[in-house]
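Report on the structure
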Amino acid sequence: MATHPTNLIGRHISFSYDGAPNALFDGIDVTLPQGWTAFLGDNGCGKTTLATIILGRLTPTEGTINPSPSTFVDAYCAQECTTEPTNLDAFANDWSPSAIAVRDMLGIGDDWPYRFLTLSGGERKRLQVACAIASNPDVLVLDEPTNHVDADTRAAIASAMRAYDGIGVLVSHDIELIDATCTQCLMFERRHVDGRNRTVLERYAGGYTKASRTREHRANERADELKAAHDAQRSIRQSQDKRRAMMNAASARKHGGWKIDRHDHDARNTHKWNEKQADKASAAAYRALGSRLEAAERAAASIETDAKRYDGEILVDIAPSARRELAHIDAGVIRFGDAAETDDCVAVSELVIDGTHWHTCALDAAQPLGDAGIRVPRLSVGPRDHIGIDGANGTGKSTVVRALLASVADTLPTLTITQIPAPDAHVRLLDELRHLDNGERAHVLSMAAQLNADPDRMTSGERLSPGEAQKLALCLGLLRAPQLIMLDEPTNHLDVHSKQALARFLRGYAGALVIVSHERWFLDEVCGFEDDARTVS
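Residues numbered from 1 in each chain as written. Predicted model: local features only at pLDDT ≥ 70, side-chain atom pairs only at ≥ 80, totals over all residues. Heavy atoms only, no water.

With an unreviewed UniProt entry as reference, the chain is termed ABC transporter, source organism Bifidobacterium criceti.

Right, dumping it as structure tokens:
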């Protein structure tokens, strides 16, 4: 067994993209021991950027990595699965015991390396992870490894991760995976301090569940500390007001000295002396209170609190279609990858319908020599239906969505977001945003903010993260007031807060909705599945 470095340390790491008005992060420290560390945070906060800096594939603006990335072997499993892994050919020809163990653990078909582009999103992701782990690197980064995958595959990936004995970085929003594999979490957090927001990196022991409890406890402590600082300021201001009132009263008494007998010179001199001493004492006390107030204000300004999140609602004025049926498929077999029925292929899976819950499952049949497909009953989508589709990888979920889309009339306003976007999708999206008029652009950015996106990043010209691109695609599509929305794995790449915000919006959407997802809670929230009626995928 290879010996890996025991830890990796980054000191004072800063990074700024060319042309960006602000640093993505500034002066952060990171320590990675053997085992798995989760990188957590909002979309676009810098998780992937820091991971690639650690591997030496991106040069930081400032800071150092020790040991140097040039001295260790690394592997990176990217979020996107649009291109083949760099070591795919080597993996295809590697039949060593360790490579066979990875193949078996992740259920990799012998022919998969030779037909990468024909694989489903979940199958591509499994092959990506297998290629990365099989290279036995010193440092391994898995970036959203459970995007596209079903529950069984998630469990297999977790097992493969636990078998790895090097330094592992998991960039993910998958709570179950983090809890199952990680011993520490590094959270990118936006903090508000001294009138501005900045990104900090906080370390928490344990998986996501333990780390989030600790984070909430620390946040409550900071909130209590800030409240105490504000209470101190208020108390000092009240003391200042009282002192000012005393000084005003003393001034009034001083000017009332005429009441002393004007011939009693001793009394008048005593009165003047006493008032002079009182004036000095009052002024000194007032100045001291002013100094204490300034110190209390500085202390309050130095306390970091969580930056404000947008917890509003996405506002769209969309009326359901007046048509009785928006999309349909006749009963039959649909060839995988096609958008039409055919009699020339063998069904190896089928679609089972239970109300608005559509579930794909494999059939107990031998792999056909020719084309394979999915058997479906007659399918229909009404103007207000919220339909959720789940099932194991490779059983035809995306095929069903494409077939439904092919049946939609050209005149029906429709929004479709696929699970595997084009490589240049973010460029097209930013170009579309730039060419909107001011009112439409403001509306799109407002909707994006409700999905926990940073509008300033979307207008700065910076490259968008996959999660940010996903949000922008949705918000741009909503401008067209779609009466049918079809989303294939819409929670891929999204952070936890964004998923929750998206679920709230889609649940209240008045039109028709077809969603493919492996996140059962998401389908339940959006489509109203009952817990006892859900089929575990």
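Alright, that's what it looks like, and here's the rest.
For the rest of this paragraph, the subject is the overall build of the chain. Counting secondary structure elements, the chain contains 15 helices and 20 strands. Per-residue burial over the chain gives 48% buried out of 537 residues. Just so you have it, the chain exposes about 25,800 Å², and 50% of that area is on carbon and sulfur atoms. (Helix = DSSP H or I, 4+ residues; strand = E, 2+ residues; numbered from the N terminus. Buried < 20%, exposed > 50% of the residue type's maximum accessible area, 1.4 Å probe, protein only. Areas by Shrake-Rupley, 256 points an atom, 1.4 Å probe, with all protein chains shown as cover.)

Moving on to the nonpolar core. Ranked by internal contacts, the top residues of the largest apolar core, which has 39 residues, are Trp36, Leu106, Leu127, Leu140, Leu142, Leu170 and Ile178. Counting residues per element, this core draws most heavily on helix H4 (residues 121-134), at 7 residues. Ignoring sequence-local partners within four residues, the contact set of Leu142 consists of Trp36, Cys77, Ala132, Met161, Val169, Leu170 and Val171. Core analysis: the next-biggest nonpolar cluster, separate from the first, contains 38 residues, Leu430, Ala473, Leu474 and Leu478 among them. (Core = buried A, V, L, I, M, F, W, Y, C linked by side-chain atoms within 4.5 Å. Contact = heavy atoms within 4.5 Å.)

Attention shifts here to the side chain of Thr37. Relative to the elements of secondary structure, Thr37 occurs in strand S3 (residues 35-40). For Thr37, the side chain forms a polar contact with the side chain of Gln184, separated by 2.9 Å. Discounting residues that sit within four places of it in the chain, Thr37 has contacts with Leu32, Gly168, Val169, Leu170, Cys182, Gln184 and Leu186. (Polar contact = N/O pair within 3.5 Å; in protein donor to acceptor, adjacent residues only side chain to side chain.)

This part is about the packing of aromatic side chains. Scanning all chains against the criterion turns up 6 aromatic pairs. Here the aromatic rings of Phe25 and Phe188 are separated by 6.2 Å at their centres, their planes lie at 55°, and the arrangement is tilted. Of this pair, Phe25 sits in strand S2 (residues 25-33) while Phe188 is found in strand S8 (residues 184-193), placing the two residues 163 residues apart along the sequence. Assigned by exposure class, Phe25 and Phe188 land together as buried. (Phe/Tyr/Trp six-rings, centres within 6.5 Å; stacked < 30°, edge-to-face > 60°.)

With that out of the way, let us pick up the packing of helix H14 (residues 496-508) against helix H15 (residues 520-527). For the pair H14 and H15, interaxial distance at closest approach is 8 Å and the crossing angle is 30°. Classified by the interaxial angle, the pair formed by H14 and H15 is roughly parallel. Every residue of H15 that contacts H14 at Lys499, Gln500, Leu502, Ala503, Leu506 and Arg507 is listed here: Trp521, Phe522, Asp524, Glu525 and Val526. Of the residues contributing to the contact of H14 with H15, the split by class is 6 nonpolar, 1 polar and 4 charged. (Axes fitted to C-alpha atoms, helices over the stretch in contact; angles between N-to-C directions. Parallel < 35°, antiparallel > 145°, perpendicular 65-115°, else oblique. Nonpolar A, V, L, I, M, F, W, Y, C, P; charged D, E, K, R; others polar.)

This paragraph deals with the sheet that holds strand S18 (residues 414-417). Here 8 strands make up an open sheet; going across it, the order is S12-S15-S13-S14-S17-S20-S19-S18 and the pairing mixed. Of all the strands in the sheet, the pair left with one neighbour each is strand S12 (332-335) and S18. The mean inter-strand angle of the sheet, taken between neighbouring strand axes irrespective of direction, is 20°. In terms of strand pairing, S18 meets strand S19 (residues 484-488) through 4 bridges, oriented parallel. Bridge pairing in S19 links Thr416 to Met486. Contacts between helix H9 (residues 397-406) and the sheet are confined to S12, strand S13 (346-354), strand S14 (357-362), strand S15 (372-376), strand S17 (386-391), S18, S19 and strand S20 (512-516), with S17 contributing the most and set at about 145° to the helix. The strands that helix H13 (residues 466-478) touches are S18 and S19; relative to S18, the one it contacts most, it runs at about 170°. (Pairing = 2+ DSSP bridges.)

As summarised here, the arrangement of the 3 strands in space is S2-S1-S4, forming an open sheet in which the pairing is antiparallel. Both outer strands of the open sheet, S2 and strand S4 (62-66), are each paired with one neighbouring strand and no more. Each neighbouring strand pair of the sheet contributes to a mean axis angle of 10°, computed without reference to strand direction. Of the pairings in the sheet, the one linking strand S1 (residues 7-15) to S2 comprises 6 bridges and is antiparallel in character. Of the residues in S2, the one forming a bridge with Gly10 is Val30.

In total, this model carries 0 disulfides according to the counting rule given. Cys81 takes part in no disulfide bond, and the closest cysteine sulfur to it belongs to Cys77, at a distance of 9.1 Å. Relative accessible area serves as the criterion here: at 2%, Cys81 is assigned to the buried category. (Disulfide = S-S within 2.5 Å.)

Counted under the stated rule, the structure contains 11 salt bridges. Salt-bridge contacts for Glu189 lead to Arg215; the nearest nitrogen and oxygen are separated by 3.0 Å. Within this pair, whereas Glu189 is found in strand S8, its partner Arg215 is found in helix H7 (residues 208-255), the two being separated by 26 residues in sequence. Taking the relative accessible area as the measure of exposure, Arg215 reaches 22% and is therefore partly exposed. (Salt bridge = Lys/Arg side-chain N within 4 Å of Asp/Glu carboxyl O.)

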